Every structure is written in C-alpha cells, then in structure tokens.
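Summary of structural features
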Amino acid sequence: MRKRLFLLGVIVMVCISNAHASDNINFTIETANPTPEIKDGTAKIIWGTSHAGSDNSQYTIKWSKQETTLGSIESSGLEEGKEYSVLISDGSGNEQQAVFTIPSLSGQEKVNAIFTPFVDAVSLVLFSDPFAALGMYDPRIQDEHGKFVLHPNGDYKTISMPLVVVWLILGAIFFTFRMGFINLRGFKHAIQLARGKFDNPEDKGEVSHFQALATALSGTVGMGNIAGVATAMAVGGPGATFWMIVAGLLGMSSKFVECTLGVKYRNINEKGEVSGGPMYYLSKGLAIRGMGKFGKVLAFTFAILCVGGSIGGGNMYQANQTFSQLSSVIPALSNHSIAVGIGLALMTGLVIIGGIKSIAKVTDKIVPLMILLYVGSALLIIGMNYNFIGQAFADIFNGAFNADAAKGGFLGVMIMGFRRAAFSNEAGVGSASIAHSASKTNKPISEGIVSLLEPFIDTVVICTMTALVLIFTGYAQNPQGLDGVALTTAAFKSQFSWFDIVLTIAIFLFAFSTMISWSYYGMKSWAYLVGETPRAQMIYKVIFLLCTIVGTSSGKGAVMDFSDMMILGMAFPNVIGLLIMSGEVKRDLKAYWIDLRAKV
C-alpha cells in the first residue's frame, strides 16, 4: 500500500520566486516523488496561459542540477529534501527563477534529508580548494580545442584539489624529509620484518607483523582501487598514474609515523588484549608535552569520526556495492537485498566475534588471495600487450608533465593522481595504526617500518595495475563516456569476456575484508568513548551488523556520504598529533637503526 501511494505520485505545485519577475515568463514547477527510494524525485515546468502556443526554444532554461540538459523542461534524479532551482530567461533580458524542494515522505528519504545539510557543510571544509580560491590556477577544464567543458546544464566542469588532500600530501612530504626518506631506506627491512625474520613469540601483542599488515591492507584495498582509479584516469588521463605513484610513495612516510606511535602508546590489559591507535597516542602523547586537554579533544574527535566512518564507508557502502555487483551478475538476486544483507552480516559476524586474532586469521588469507587474483588478471593483460610497455610508460610520463588543456594541464593531472592516492591508501588518516598497534613487538619502530608496505601495495602496485590495464587497452586515452567500475570492467572485458565473474569475486573479497577490518577500527574507537567492556563491544558489533543489512537495501545517500567524509575528517586531528610528535619518532628511529646494526 505504501509503495502504491508513491507510485501514484506525490504532486506539489511550487510558486515561483518574485525575484526578477516578468509577465512574459509565467510558469510553475510541478514536482513528484514517485517511489520511497532516495534521489528519484522529478520536477517539470508547467507553462502559464501566456505561454500558450509559444515555442520553448525562445527561452534559456537552466536547472541547478548539473546532470539536467540545458533547455530541458524536466529534471529527474532529484534528491528529496534538497533545495533546487531553475532559471528561465528570454531573448529580451527578462528572467524568472523558481526555487523548489522535493518532499521527503518515506523513512529513508526523511533521514537522508536530515543529513544532507551536514554533508553540504562538511563538504565546504573537506573539499574546499584553497589554491583555486587564491587564484593560483583556473579550475575549469578545457577540451582539446581550448574550449571550456560544460556540464549538461551549462555549468563549467572543474577539477579541484580538496583541502583534505592538500593536508595529507603536505603532511606526507614533511614526514618524508623529517624521517630521512624512511620510505626508501626502510623498504628492504620492511620486507624482512613482514616475512617474520625478526619475530619474537615472547613479545607483547596479539598478531604477527604480517597479520597486522594484512588486516590494515584489507581496510584500504577496496572499491577505490577499481572504481576510483578509473575515475582519475577518465579525467586526468595516463599522466595521473605518475602522480598517483608519487603520492603513494610519500604516503609511506605518514604510515610509518602513525603506526610507530600506535604501538608505542597502546594499552595492553591483563588478558593481553591490545587497544591502540590515534585515540591513545593523541591523548597520552600530547599529555606528556603539557597539552593534555588538547590531546583529549583531538582523541575524542578522532574516535567519534572513526565510529561514524566504520559504520558507513567501512560497512554500509561496502555492503551496498557488493549487492550491486552481485545482482548485476546474478539478476535473480535483484529483489533479495535483505537476504543478501543477512548473509553478509552472518559471514562478517562469524569473523569479528573473535576480535583482532580472528580477523587477522581471515585477512592474512584473503588479502594475498584477492591481490593475486586482481593483480594476476592485470599482469596477464600487460603480458599480452608487452610490445606496448615502452609506449605506455611514455604516455604516463608525457601525460604527467605535458598534459593538454583537456586534462586540466600539468596541475590538473597532478591533482587527479594525488586525490586518488590520498583517498585510496588513507595514509595520514590514522585508521591503520589501530590494526598495527596489535602487532607482537616490543619495538614500535619495527611495526612502523612494516607499515611502509601498505601504501606501496595499495597504491603503487594495485592502483597502478588498474591504471596500466586502462592504458594498455586504450580506455585511459579514450574512456568512451564510461567512468568508475564500468570503465575498469570494459577495459578488462576487452581482453577477457569472462572478467565480470573475476571482478565480482574481487569486489566481494575487497568489500568483505574492508568490512571486517573497519569493524575492528570502529569497535576500538567505540570502546575508547564508552568504556572497554565486553557489553560495550557487543553493542557496537550488533549495530555494525544491523547496518550491514541496511546497507545492501539502501541507496548511497547523504548518510553514507557523511560517513565517507568522517573517514577523511579523521586526517585533521591525526596529522596534527603526528606533526607534534614527529621529533620523538625521529629520535626513536635513530636509536633503532643503531641497535639493529649492533645486532647484525
């Protein structure tokens, strides 16, 4: 009955604004909310009697929704509860604007509408572009003829270097120099540690170096490696790969600092269970420096953001994308989102119920499997086209430094590469240090060095493999109007018709591993806020698993957008603490090298 009411359509006539009113342009807006789903509202121009017999082409019609074609009398895919507008002008300089909102009627639409203002407000902070605001570059994209590229509604298409990316990249550059290029000097030793060469079973902790690395990797390797890279390539072309690799290498230094501190300031209870991460090194580390209150504020802020991020971006979004891909390959599942969600929740619950030890036992098997599966497929394509390897890398280098205006020029390509790397490996966000803090070691620096491998594998290896496949198959140079998962799928399928199956398996593994890792991150942050008791942890796990079910059956609306932003927001309190304590890490690193050389 509820759905039938929506299907009948909820029609609202919206009175036009009196701003710039003109008797020559007389119209109203008819809006409809056809279903309980979010982002499916419609709005249509209803001309007044004075328009009878007139030709629509005499008017310029511009909707605020960028995907709506300039001149169209109807706009669709509108988000309920969000304010939109349409501006109509004629050849005589008269213009009339109408502002309207699609009414929110279903439960999920109302919740989505509540979160939309928060998303818009946070976006202004996280995704503001300080360089463009200062006039340091023109963010508008041009085509190969030097003409500005427009959205369907006539707005300029732009690129931007979000503030959060600037924050992360500048932090990564600082830590790289501050730590004496530990990302290069420590690489060989990181492999030795991950292989267990220096393991001591008597050291305090819950998991091995390799298991900690696998758990952290499972939290970062995900849809960004498949869909995000494709988006970067579609906009920035092959040259974005170069800057993506550079940002990945720089991010290794940020990981080193945060994971070192994660182990150094961790708590270990009488049962040997570890609690660590930014919540602890921000509060304890800054207290030592006489900034106890400031450290507690940063720690509390981080924990709140991490809980929200774990439930949304680390859980609901992953569940949603898993169901979307499964239903596209197995259409019979399309009407069974709840059943798929319950199945995914049960699988996740069986793993996370045992804590970090149980999670690590799963991730240390899943992560190598999913990397081999995906990277192996990419290497097959590269091997089949080995004659073009030289040309591919020439395209990457030339595109990085000699990009045409259609790609935003040098700065535009660099921005796309940096954005993708920062969003993919989460270096500086602080989440990975929660997993690494559980490592069995009495030397915090050793775990920091192990963590160097994480951005390298995530960005320099996996993201680059996706980029190379797009380049070798020609889709980086000519996306053919595709983007995201569709672009990556098309590139792989051009070589392997059966890649849909491989991609579905990869997406499932990527999403599932991300969910179990982020459940641990969120649980530890939750415990920091409400108390480290079994009851508190169980409450969080129940909430997390219920949200898994909700995630499969709901669209990607403002709630999940807000949660994604919370993950990026974690970078601000975390990097502030890292900058303050970087000198301490540098001294510890120097002592570690001296001790290591003495033993060798």
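The structure contained in this document is the topic of the report that follows. (Residues numbered from 1 in each chain as written. Predicted model: local features only at pLDDT ≥ 70, side-chain atom pairs only at ≥ 80, totals over all residues. Heavy atoms only, no water.)

Focus: the overall build of the protein
Broken down by element type, the protein carries 23 helices and nine strands. Taking 25 Å as the expected radius of gyration for a compact globule of 600 residues, we find that the protein reaches 26 Å, a close match to that expectation. Each principal axis of the C-alpha distribution contributes one length, and for the protein these read about 90 × 55 × 55 Å. Looking at the 600 residues of the protein, the share that counts as buried comes to 54%. Sequence separation of at least 24 residues holds for 76% of the intrachain contacts in the protein that already meet a minimum separation of 6. When the accessible surface of the protein is split by element, carbon and sulfur atoms take 62% of a total near 24,900 Å². For the protein, the distance from the average position of its 44 positive side-chain charges to the average position of its 41 negative side-chain charges is 12 Å. (Helix = DSSP H or I, 4+ residues; strand = E, 2+ residues; numbered from the N terminus. Rg over C-alpha atoms; globule rule 2.2 N^0.38 Å. Buried < 20%, exposed > 50% of the residue type's maximum accessible area, 1.4 Å probe, protein only. Contact = heavy atoms within 4.5 Å. Areas by Shrake-Rupley, 256 points an atom, 1.4 Å probe, with all protein chains shown as cover. Lys, Arg positive; Asp, Glu negative; His and termini not counted. Charge placed at Lys NZ, Arg CZ, Asp CG, Glu CD.)

Remarks on the pattern of salt bridges
All chains considered together, the criterion is met by seven salt bridges. Among the salt bridges present, the one from Asp155 reaches Lys62, with a minimum N-O distance of 2.5 Å. Placement of Asp155 in the loop between helix 3 (130–133) and helix 4 (163–178) and of Lys62 in strand 4 (residues 59–63) is noted, with a sequence separation of 93 residues between them. Classification of Lys62 as partly exposed rests on a relative accessible area of 28%. Measuring nitrogen to oxygen at the nearest pair gives 3.3 Å for the salt bridge that ties Lys443 to Asp595. Residue Lys443 is located in the loop between helix 16 (431–436) and helix 17 (444–450), and its partner Asp595 is located in helix 23 (residues 571–599); the two are separated by 152 residues in the primary sequence. The exposure class assigned to Asp595 is partly exposed, which follows from its relative accessible area of 30%. Beyond isolated ion pairs, a larger network of salt bridges with shared partners links Lys264, Arg289, Glu584 and Asp588. (Salt bridge = Lys/Arg side-chain N within 4 Å of Asp/Glu carboxyl O.)

Overview of the sheet that holds strand 4
One key point about sheets: their strands pair by backbone hydrogen bonds, in either a parallel or an antiparallel sense. If you trace the three strands from one edge of the open sheet to the other, you get 4-6-7, paired in antiparallel fashion. Where the open sheet ends on each side, the last strands, each with one partner, are strand 4 and strand 7 (95–101). Between one strand axis and the next, the sheet turns by 15 degrees as a mean value, whatever way the strands run. Across five bridges, the pairing between strand 4 and strand 6 (residues 83–90) is antiparallel. Bridging across to strand 6, Lys62 finds its partner in Leu87. (Pairing = 2+ DSSP bridges. Axes fitted to C-alpha atoms, helices over the stretch in contact; angles between N-to-C directions.)

Points about the pairing of strand 3 (residues 41–47)
A large share of strand 3 lies buried, amounting to five of its seven residues. Pairing between strand 2 (residues 27–32) and strand 3: six bridges, direction antiparallel. Bridge pairing links Thr28 to Ile46 in strand 3. Judged from the three bridges that link them, strand 3 and strand 5 (residues 74–78) form a sheet pairing that is antiparallel.

Topic: helix 11 (residues 292–329)
Here helix 11 spans 53 Å end to end across 38 residues, near enough to the 56 Å set by a 1.5 Å rise per residue. Of all bends in helix 11, the biggest is about 40 degrees, found at Gly309. Along helix 11, 27 of the 38 residues are buried, which leaves the element largely enclosed by surrounding structure. (Expected span 1.5 Å × (residues − 1). Bend = angle between axes of the 7 residues up to and from the residue.)

Structural notes on a nonpolar patch on the surface
A cluster of nonpolar residues, Leu170, Ile173, Phe177, Phe181 and Leu184, forms a patch on the protein surface that exposes about 500 Å² of accessible area. Top element by residues in the nonpolar patch is helix 4. It accounts for three residues. (Patch = residues over 30% accessible without salt bridge, like charges linked within 9 Å, V, L, I, M, F, W, Y side chains within 5 Å.)

Remarks on the nonpolar core
Soluble globular proteins tend to pack their nonpolar side chains together in the buried interior. Ranked by size, the top nonpolar core spans 142 residues in total, and within it Phe256 and Ile449 carry the most contacts. With 14 residues, the top contributor of residues to this core is helix 20 (residues 499–530). If sequence neighbours within four positions are ignored, Phe256 has contacts with Met179, Ile182, Ile445, Gly448, Ile449, Ser451, Leu452, Val585 and Leu589. By size, the runner-up hydrophobic cluster in this structure holds 16 residues, among which are Ile25, Ala43, Ile61 and Ile102. (Core = buried A, V, L, I, M, F, W, Y, C linked by side-chain atoms within 4.5 Å.)

Quick word on a positive patch on the surface
Residues Arg178, Lys586, Arg587 and Lys590 make up a contiguous surface patch of positive charge. Considering every element that reaches the positive patch, the biggest residue donor is helix 23, with three residues. By secondary structure assignment, the location of Lys590 is in helix 23. With a relative accessible area of 59%, Lys590 lands in the exposed category.

Note that all results are geometric; they support no functional claim without further evidence.
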